[in-house]
Amino acid sequence: MDRNFVNVMLLGLAFMLIFTAFQTGGMIQQTVVNSIHSRDNSYTANGYTSLCIIYAVMAVANWIAPSVVVITGPKLAMVFGGATYCLFIANFLFPKVWVLYFLSFVIGVGAAVIWTGQGNYLTINSNEDTMSRNSGVFWALLQCSLIWGNLFVSFVFTKDTIDEPTIQLTYGVLTGVGIAGTILLFFLRGGNRANSELTLRQSVGECVDAFVGAFRLLTTKRMALLCLTFFYSGLELSFFSGVYGTAIGNTNSLDSEGNAKRFIGISGILIGLGEIIGGATFGLLSSKTNRYGRDPIVILGYVVHMVAFFLIFINLPSVASLQKTNDPSYITSNLGVALFCSFLLGLGDACYNTQMYSILGVLYRDNSAAAFALFKFVQSIAGAIAFFYATTADLHVQVLVLAVFASLGTITFSTVEWSASVHRERETPEDTAHES
């Protein structure tokens, strides 16, 4: 293996551990919050509200994240971000409403920094020929987090109401795993600040340049089109990471004993399996798929997601995302169909994300920090909006919204990819980064 590919592997392993903690915690967060409230009426926190705060703050923080990466380098930026994830997960060991919301703010800042640093570090260790491969391998390793965390949860969550010892055990283990991933980031090679001898004035100047560059990039035609794809990715990420598992757990008819919560972990595992298969396939076959462009893979993801949305619409009751229910759906609720949809959600998400990473790493190689910050900015806005309306909108309304934005995002991505392929021979990286 070459050194750059080893760096990508190590990066993927570190993120796998950190997000084993966070993604698993996010999928069970609303269920855990409801269980705490059932024992303590003074605990009035809402899991969806917490996730909404995270994504709203992350959206704003993405404007300063490129400046942070300029000052610290991507390596230390990711270490800082990883530490905020660990603090957030640990708060469930001593649940307090104000602590949950405060750390939701803190992790929102940390998330913007860690993902901007990750995009910059991945680009540094890739070129046009290896970007698709490295994006796929990183994505597959990252999504292994859904396997290990949810496998653990599926064995631990055996009761309808999650008691305090179970919560302590779950979040104690998740916190330890997150800390291990953050420590692993220290072993990344390279990724330090490019020039450690800059004066304070020069550093401030670089920060301002990074901020202005990100804003200018947002106003370009190509980035504006990609933003619709980014927006859809944020909506569907919020749906499968926080809403869909809750809907399965609230549908009593999926389990003869009325304890469908035990299937939340299995749902998460299947989402992760779809992510891993998609990421690994498109990473290993990148040399073949690159010749046909990225849009066929995105269109595949669109078809997969539309099938999933249709099956979810007819298989689960509309109120299942909001409360426990015995309501009927359009067909008799079927556990196999529900779990199959989990796999489809993960597979489709991998189709979109691997190609978004690839196109950003190639088209904006000389301005990668700003490009990935904008990606996460738009994605985070979508996530915040999705979790905001998830507190009142039923499952069927959410699925219809996803279907509309999936169509728009796929069309705009294909437009950008077609334009890039037409002009690829005559464009330079600098022209691409500043095209309007």
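Treat the numbers as computed from the prediction; the structure is a model and nothing was measured. (Residues numbered from 1 in each chain as written. Predicted model: local features only at pLDDT ≥ 70, side-chain atom pairs only at ≥ 80, totals over all residues. Heavy atoms only, no water.)

Here we come to the overall build of the chain. Counting its secondary structure elements, the chain contains 16 helices and zero strands. Scored against the burial criterion, the 436 residues of the chain give a buried share of 61%. Restricting to contacts in the chain with at least 6 residues of sequence separation, those with at least 24 account for 85%. Approximately 17,000 Å² of the chain is accessible, and the part contributed by carbon and sulfur atoms is 66%. (Helix = DSSP H or I, 4+ residues; strand = E, 2+ residues; numbered from the N terminus. Buried < 20%, exposed > 50% of the residue type's maximum accessible area, 1.4 Å probe, protein only. Contact = heavy atoms within 4.5 Å. Areas by Shrake-Rupley, 256 points an atom, 1.4 Å probe, with all protein chains shown as cover.)

Right, let's talk about the packing of aromatic side chains for a bit. The final tally for this structure, using the stated rule, is 18 aromatic pairs. Residues phenylalanine 88 and phenylalanine 92 carry aromatic rings whose centres are separated by 6.1 Å and whose planes lie at 90° to one another, so their mutual orientation is edge-to-face. Each member of the pair, phenylalanine 88 together with phenylalanine 92, is buried. Pairing phenylalanine 313 with tyrosine 330 gives two aromatic rings, centres 5.5 Å apart and planes at 10°, and the pair type is stacked. Of this pair, phenylalanine 313 sits in helix 12 (residues 295-315) while tyrosine 330 sits in the loop between helix 12 and helix 13 (335-363); the two residues are 17 residues apart in sequence, bridging distant segments of the chain. Taking the relative accessible area as the measure of exposure, phenylalanine 313 reaches 22% and is therefore partly exposed. Residue classification places tyrosine 330 among the exposed residues on the basis of a relative accessible area of 59%. Each member of the aromatic cluster is reached from another via a ring pair, and the members are Phe15, Phe19, Phe22, Tyr85, Phe88, Phe92, Trp115, Phe138, Tyr171, Phe230, Tyr357 and Phe375. For the cation-ring pair, lysine 376 lies above tryptophan 115, with the distance from its terminal atom to the ring centre recorded as 4.1 Å. Over the ring of phenylalanine 375 we find lysine 376, and its NZ or CZ is 5.1 Å from the ring centre. (Phe/Tyr/Trp six-rings, centres within 6.5 Å; stacked < 30°, edge-to-face > 60°. Lys NZ or Arg CZ within 6 Å of the ring centre and 35° of its normal.)

For the rest of this paragraph, the subject is the packing of helix 12 against helix 13. For the pair helix 12 and helix 13, interaxial distance at closest approach is 8 Å and the crossing angle is 155°. Between helix 12 and helix 13, the interaxial angle falls into the category roughly antiparallel. Crossing hand, helix 12 versus helix 13: left-handed. Of the residues in the contact of helix 12 with helix 13, the class split is 19 nonpolar, five polar and one charged. (Axes fitted to C-alpha atoms, helices over the stretch in contact; angles between N-to-C directions. Parallel < 35°, antiparallel > 145°, perpendicular 65-115°, else oblique. Left-handed = near helix turned anticlockwise from the far one by under 90°. Nonpolar A, V, L, I, M, F, W, Y, C, P; charged D, E, K, R; others polar.)

A separate point is the environment of glycine 119. Here glycine 119 shows up in helix 5 (residues 97-124). With relative accessibility at 0%, the residue glycine 119 sits in the buried group.

Moving on to helix 7 (residues 164-185). Relative to the 32 Å expected for 22 residues at 1.5 Å per residue, helix 7 spans 32 Å between its end C-alpha atoms, a close match to the ideal helical length. Turning to helix 7, its buried residues are Thr166, Ile167, Thr170, Tyr171, Leu174, Thr175, Gly178, Gly181, Thr182 and Leu185. For helix 7, the arc enclosing every buried residue in end-on projection is 150°, short of the 170-degree limit, so these residues lie on one face. Looking at the buried residues of helix 7, the elements they touch are helix 1 (3-39), helix 4 (74-90) and helix 6 (131-156). (Expected span 1.5 Å × (residues − 1). Arc of directions from axis to C-beta.)

There is a patch of nonpolar side chains on the surface, built from Leu76, Ile179, Ile183, Phe186 and Phe187 and spanning about 500 Å² of accessible area. Assignment of secondary structure puts phenylalanine 187 in the loop between helix 7 and helix 8 (200-218). Its relative accessible area of 57% is what places phenylalanine 187 among the exposed residues. (Patch = residues over 30% accessible without salt bridge, like charges linked within 9 Å, V, L, I, M, F, W, Y side chains within 5 Å. Salt bridge = Lys/Arg side-chain N within 4 Å of Asp/Glu carboxyl O.)

A few words now on the packing of helix 9 (residues 221-250) against helix 12. Following both chains from N to C, one finds helix 9 and helix 12 inclined at 40°, their axes separated by 14 Å at the closest point. As summarised for this structure, helix 9 and helix 12 are arranged oblique, according to the angle between their axes. Handedness of the crossing formed by helix 9 with helix 12: left-handed. Across from Tyr232, Glu236, Phe239 and Tyr244 in helix 9, the residues of helix 12 making contact are His305, Phe309 and Ile312. Its residues assigned to classes, the contact of helix 9 with helix 12 shows five nonpolar, one polar and one charged.

This next bit is on the nonpolar core. In terms of nonpolar packing, the biggest core is built from 119 residues, with Phe15, Trp115 and Leu360 touching the most fellow members. For this core, the two domains that each supply at least three residues are domain 1 (1-195) and domain 2 (197-435). Not counting residues up to four positions away in its chain, the partners in contact with phenylalanine 15 are Thr20, Met78, Ile114, Trp115, Gln118, Phe138, Leu142 and Leu185. Core analysis: the next-biggest nonpolar cluster, separate from the first, contains six residues, Met16, Ala140, Cys144 and Ile147 among them. (Core = buried A, V, L, I, M, F, W, Y, C linked by side-chain atoms within 4.5 Å. Domains from an automatic or database assignment.)

All right, on to the side chain of asparagine 7 then. With respect to the helices and strands, the residue asparagine 7 is situated in helix 1. The exposure class of asparagine 7 is buried, given its relative accessible area of 3%. Among the polar contacts listed, one links the side chain of asparagine 7 to the side chain of asparagine 125, at a separation of 2.8 Å. (Polar contact = N/O pair within 3.5 Å; in protein donor to acceptor, adjacent residues only side chain to side chain.)

Here the focus is helix 4. Between the first and last C-alpha of helix 4 there are 25 Å, a value that for 17 residues agrees with the 24 Å anticipated at 1.5 Å per step. Of all 17 residues in helix 4, twelve are buried, a share of seventy percent or more. Here helix 4 has its buried residues at Pro74, Lys75, Ala77, Met78, Val79, Gly81, Gly82, Thr84, Tyr85, Cys86, Phe88 and Ile89. Here the buried face of helix 4 lies against helix 1, helix 2 (47-61), helix 3 (65-72), helix 5 and helix 7.

Time to look at the environment of valine 68. With respect to the secondary-structure elements, valine 68 resides in helix 3. For valine 68, a relative accessible area of 26% gives the class partly exposed. In this structure the C-alpha to C-alpha distance between valine 68 and threonine 116, which are 48 residues apart in sequence, comes to 9.2 Å. Residues within four places of valine 68 in sequence aside, it is in contact with Gly73 and Val113.

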